[in-house]
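Coordinate analysis (summary)
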Amino acid sequence: MTVDPTTETTADTDRRAKAATRQAWALGDYHRFAKETVWQVGPVLVAACGIGPGQRVLDVAAGTGNTAIRAAQAGAQVVASDLTPENFEAGRREAAAQGVELEWAEADAEALPFPDGDFDVVTSSFGAIFAPHHQAVADEMLRVCRPGGTIGILAFTPEGLISDFFGALVPYMSPPPPGALPPPLWGSEEHVRELFGNRAESLDMTRGEYVERADTPHAYREFFKQTFGPVVATYASLSDQPDRVEALDRDFLEFATRFNRGAPDGPAEYPYEYLLVIARKRGAEKRG
Ligand SMILES: C[S@@+](CC[C@H](N)C(=O)[O-])C[C@H]1O[C@@H](n2cnc3c(N)ncnc32)[C@H](O)[C@@H]1O
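Description of the structure in this document. (Residues numbered from 1 in each chain as written. Predicted model: local features only at pLDDT ≥ 70, side-chain atom pairs only at ≥ 80, totals over all residues. Heavy atoms only, no water.)

With respect to the pairing of strand β5 (residues 145-156)
Burial of β5 is extensive: nine of the twelve residues sit out of reach of the surface. In terms of strand pairing, strand β4 (residues 119-125) meets β5 through six bridges, oriented parallel. Paired with Val 121 across the bridge in β5 is Thr 150. Taking the sense of rotation as the criterion, the β-α-β connection linking β4, helix α6 (residues 134-144) and β5 turns out right-handed. Where β5 meets strand β7 (residues 268-281), seven bridges bridge the pair, whose relative direction is antiparallel. Its bridge partner being in β7, Ala 155 is matched across the sheet by Leu 275. (Buried < 20%, exposed > 50% of the residue type's maximum accessible area, 1.4 Å probe, protein only. Helix = DSSP H or I, 4+ residues; strand = E, 2+ residues; numbered from the N terminus. Pairing = 2+ DSSP bridges. Right-handed = clockwise from strand over helix to strand, strands pointing away.)

Have a look at this one:
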């Protein structure tokens, strides 16, 4: 698509960026990716939010249901929402295999199509952090949560491995829309405090870690190239530039080799630090 930068509005740019984001996350095989990586952490968020029977839960940027399916297994009535409905079919299959049913809804985390105070708990595991406008996301998660309800977020920390991962990839990716903040900023306690202000009655933040594994650093890179949409999209965008593809291959392998924490004869291991945020929304909402 050809875009005339002199006539395009910010809203147009944003819409175009969201469409590209959706297209990217629909590539590869997100469910296969998630099952071998972040799937181990969904239950941590569900437990920390105290999700149980009788609660109405919204999972934002749910992917194929890492947190949403676990919330349903805990007995809650769950809506799994995401910008990329192309991944819902895999989520529905996983939910059926686990013997639970949930509702799946296409939704941008920055403009949630739900009424004020509709949910007891609003969650997002490594998902809402990818929306470009962090304040809009925090505002929306607060808005759809009932007064006194819980908001739970899992975010990669800026000090953790995710920054090195992005450091290798970003030079090859399309630039983010103007005003976009980087996803790992959600892993900064100070940033989260600013986003929620005094609209949260309490804000508990703890750091944790989970480990991704592959047979070798080379296998780790190939796994991302096959399954992880944004990486698949980045390689696809370079398909007519073999030199750039070669350079990205080299940089990705260099990252995977340098940060491998596994034993020399064992599988390659990548520990990712995350921030677990649990916010309680004030009973009577205040701006701050
Ligand atoms: C790393 S995946 C996390 C998915 C899931 N929460 C999990 O734990 O496996 C990131 C997800 O964010 C979604 N996403 C990106 N930007 C979004 C936005 N603006 N609104 C809603 N979802 C978005 C993507 O479609 C993708 O499913």
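Picking up after the structure, the text goes on.
Concerning the packing of helix α9 (residues 217-227) against helix α11 (residues 242-258)
One can describe the packing of α9 onto α11 by two numbers: an axis separation of 8 Å at closest approach and a directional angle of 125 degrees. By the angle between their axes, α9 is oblique relative to α11. Here α9 and α11 pass one another in a crossing that is right-handed. In contact with Pro 217, His 218, Tyr 220, Arg 221, Phe 224 and Lys 225 of α9, α11 contributes Asp 249, Arg 250, Phe 252, Leu 253, Phe 255, Ala 256 and Thr 257. Of the residues assigned to the contact of α9 with α11, the class counts are seven nonpolar, two polar and four charged. (Axes fitted to C-alpha atoms, helices over the stretch in contact; angles between N-to-C directions. Parallel < 35°, antiparallel > 145°, perpendicular 65-115°, else oblique. Left-handed = near helix turned anticlockwise from the far one by under 90°. Contact = heavy atoms within 4.5 Å. Nonpolar A, V, L, I, M, F, W, Y, C, P; charged D, E, K, R; others polar.)

What to know about the pairing of β7
Within β7, ten of the 14 residues are buried, leaving the element largely enclosed by the surrounding structure. Bridge count for strand β6 (residues 200-214) against β7 is 14 bridges, and the pairing is antiparallel. Bridge pairing links Met 205 to Val 277 in β7.

Here we look at the packing of aromatic side chains
Within the structure shown, the criterion is met by 28 aromatic pairs. For the pair Phe 126 and Tyr 274, a centre-to-centre distance of 6.2 Å together with 75 degrees between the ring planes defines the contact as edge-to-face. One end of the pair, Phe 126, is in the loop between β4 and α6; the other, Tyr 274, is in strand β7, with 148 residues separating them in the sequence. Summarising the burial analysis for this pair, Phe 126 and Tyr 274 share the class buried. For the pair Phe 165 and Phe 255, a centre-to-centre distance of 5.9 Å together with 70 degrees between the ring planes defines the contact as edge-to-face. Of the two residues, Phe 165 is situated in helix α7 (residues 161-169) and Phe 255 in helix α11; the sequence distance between them amounts to 90 residues. Note on accessibility: Phe 165 and Phe 255 belong to one class, buried. (Phe/Tyr/Trp six-rings, centres within 6.5 Å; stacked < 30°, edge-to-face > 60°.)

Description of the pattern of salt bridges
Scanning the model with the defined rule gives 23 salt bridges in all. Where Asp 120 meets Arg 146, a salt bridge forms, and the shortest distance between an N and an O atom there is 2.8 Å. Of the two residues, Asp 120 sits in strand β4 while Arg 146 sits in strand β5, which places them 26 residues apart along the sequence. Accessibility expressed as a relative area gives 18% for Asp 120, which makes it buried. On the basis of relative accessibility, which here comes to 33%, the residue Arg 146 falls in the partly exposed class. Put simply, Glu 189 and Arg 207 hold a salt bridge, and the shortest N to O gap is 2.9 Å. With Glu 189 in helix α8 (residues 189-196) and Arg 207 in strand β6, the pair connects residues that are 18 residues apart, well separated along the chain. When its relative accessible area of 22% is taken as the criterion, Glu 189 is described as partly exposed. A network of salt bridges, in which partner residues are shared, links Asp 14, Lys 18, Asp 108 and Glu 110. (Salt bridge = Lys/Arg side-chain N within 4 Å of Asp/Glu carboxyl O.)

What to know about the site of the ligand
Around the ligand sit 20 residues in total, of which Tyr 30, Ala 61, Asp 82, Thr 84 and Ser 125 are the nearest. At 3.0 Å from an oxygen atom of the ligand is found a side-chain nitrogen or oxygen belonging to Asn 66. Here a nitrogen atom of the ligand sits 3.1 Å away from a polar atom, N or O, in the side chain of Asp 108. Burial of the ligand by the protein amounts to 98% of the accessible area it has alone, namely 600 Å². The element that contributes the greatest number of residues to the shell around the ligand is helix α1 (residues 10-26), accounting for three residues. Counted by class, the shell around the ligand contains eleven nonpolar, six polar and three charged residues. (Near = heavy atom within 4 Å. Polar contact = N/O pair within 3.5 Å; in protein donor to acceptor, adjacent residues only side chain to side chain. Areas by Shrake-Rupley, 256 points an atom, 1.4 Å probe, with all protein chains shown as cover.)

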